[in-house]
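These are the residues of each chain, in order.
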Amino acid sequence: MSLANRSLVSLDDLSNEEIEAVFSLASDMSADITNQRHVCQGMIMASLFFEPSTRTRLSFEAAMHRLGGTVITAMDVGATSLAKGESVADMARVVGSYADIIVIRHPWEGAAKVVAEYAGVPVINAGDGGHEHPTQTLLDLYTIKMERNTIKGLRIALWGDLKYGRTVHSLACALARFGATILFRPAPGLELPDHISRKLSTEYKGQIKKLDITEQSGEERLFAVDAVYAPPSSPHQLAMMPDIGLEVELEGGVDALYVTRAQKERHASGTDRDGGKKKYPVVDRRLLKGKEFKQTLVMHPLPRVDELAREVDADPRSLYFKQAARGVPVRMALMSLLLGTIPEPAAQPSESFSRKVEYPHYSRDIGVRCRNPKCVALNEPGYIGAEFQIINGKPLTLRCVYCEHETFPRYIASTEWHNGTVEAKRYHSADSHMARKIRPENLIAFDSEGEAQSLGFKPSRYNRWSVSE
Ligand code: NCD
């Protein structure tokens, strides 16, 4: 294990053992926090925050100061050369030549990955649009571990805006990796995106079961869980117990309730807005009277708006301010490990499996593109091509390597026509048997027949979908 000179763009960049190593160092550092000024003496951290931030930016900056380093900052795109049309890649190259480590928050999903590819120094993603927020997840997991000693086997509820909340997206995957059971309690219309549910069930091998909220008892169900993720180690294997109800899941209580605000700045349409505003669920004293919340840690990445009543602040179960404070030692530990300025702690045994699934890579200048309007690949098309992981053959499913949104191309062809005649330049429907015949490295995918034809491909005998569109 060596974290030196690496970047943290997604929590997938760290194994469970490496995460445990960060925690072990964070705990040592927090015990003697004013005595760490030798660790990064002479180092410079560039703090690039192109979206609002209080905690994340200030805790990173405090962390670097506590480590004895210094900080340079840019906070407003309008005040940087990005506003003059400079690319994210060029900015990364330049800032990487000024600083030893870069911390970036950017509204485009995948922007931190681009910065990491070009900067030449370690880069930390401090939030890329609605995609990920891996250091928030580190301090969330650290808090749970400090309070409960373990994450495996715990039952953790994610509350609020599960659709646009990047903290939730990173945390859900991390909890699955550490073997927790997850209960999803979204605000109406703000459910967890499908691509993340699929990642939970395909990559972490647990099972997601959708629940029918209308069937749940009580005339007004405050804790309206719409889905449960059970890890492979769970005694309640959902597939084997298809009738398992929420009540059974809740018998042992909820170990942590992770509340999030409506991410209004990311709400795209009127539907998101209305759903988010009118029926946004509130955590208050009344909810916490429920027997399932007797021992619950109440957490929130903050800022809080109206979803977490102030009357709960004095409750001993409320942990959010302590959680925020822990951001400093966790970020101190992370930065000193990425900068290689401190010996790595001995390998920490991990509680649960962490297996990185390797998918075939898809990279082409022509054909299908990521369709997420917030993806960096769409916003900086001049030098970022289409890059996907091929995560499924039937239906053909490509996951953008930048923002992780999925796309389901409808037509396919093979590059092998280059070796044959131009007559062989044919396209097929993505659900035909040709999908199995074309090797991943030869695959070209198209969104439409028009796109394939404009690139000189002709329909093959297998260009019809078996099920009509
Ligand atoms: C979160 C964020 O920026 O995603 N805040 C934070 O970093 N602590 C959560 C939020 O803004 O709701």
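In the block above lies the structure referred to throughout.
Residues numbered from 1 in each chain as written. Predicted model: local features only at pLDDT ≥ 70, side-chain atom pairs only at ≥ 80, totals over all residues. Heavy atoms only, no water.

*Asks:* Talk me through the environment of Gly253; I want residue IDs and the actual numbers.
*Replies:* Mapped onto the secondary structure, Gly253 falls in the loop between helix H8 (246-250) and strand E9 (256-259). With a relative accessible area of 8%, Gly253 lands in the buried category. The spatial distance from the C-alpha of Gly253 to the C-alpha of Ile156 is 9.4 Å, given a sequence separation of 97 residues. Excluding anything up to four places from it in sequence, Gly253 contacts Arg155 and Glu292. (Helix = DSSP H or I, 4+ residues; strand = E, 2+ residues; numbered from the N terminus. Buried < 20%, exposed > 50% of the residue type's maximum accessible area, 1.4 Å probe, protein only. Contact = heavy atoms within 4.5 Å.)

*Asks:* Account for the site of the ligand, naming residues and giving values.
*Replies:* All residues adjacent to the ligand are Arg55, Thr56, Arg105, His133, Gln136, Arg166, Thr167, Arg261, Gln263, Pro301, Leu302 and Pro303. Contact distances for the ligand include 2.8 Å between an oxygen atom and a side-chain N or O atom of His133. A distance of 2.9 Å separates a nitrogen atom of the ligand from a polar backbone atom of Pro301. Secondary-structure elements contributing two or more residues to the shell around the ligand are helix H2 (55-66) and helix H6 (166-177). Two domains each donate at least three residues to the shell around the ligand, and these are domain 1 (11-129 + 325-339) and domain 2 (135-324). (Near = heavy atom within 4 Å. Polar contact = N/O pair within 3.5 Å; in protein donor to acceptor, adjacent residues only side chain to side chain. Domains from an automatic or database assignment.)

*Asks:* Report on the sheet that holds strand E10 (residues 297-299), specifying residues and quantitative values.
*Replies:* Spatially, the six strands line up as an open sheet ordered E7-E8-E6-E5-E9-E10, and their pairing is mixed. Of all strands in the sheet, those with a lone pairing partner are strand E7 (207-210) and E10, marking the two edges. Averaged over all pairs of adjacent strands, the angle between their axes in this sheet comes to 15°, without regard to strand direction. Alignment of strand E5 (residues 155-160) against E9, held across four bridges, turns out to be parallel. Of the residues in E9, the one forming a bridge with Ala157 is Leu257. Of the strands in this sheet, E5, strand E6 (181-186), strand E8 (227-230) and E9 touch H6, which is tilted by about 165° from E5. (Pairing = 2+ DSSP bridges. Axes fitted to C-alpha atoms, helices over the stretch in contact; angles between N-to-C directions.)

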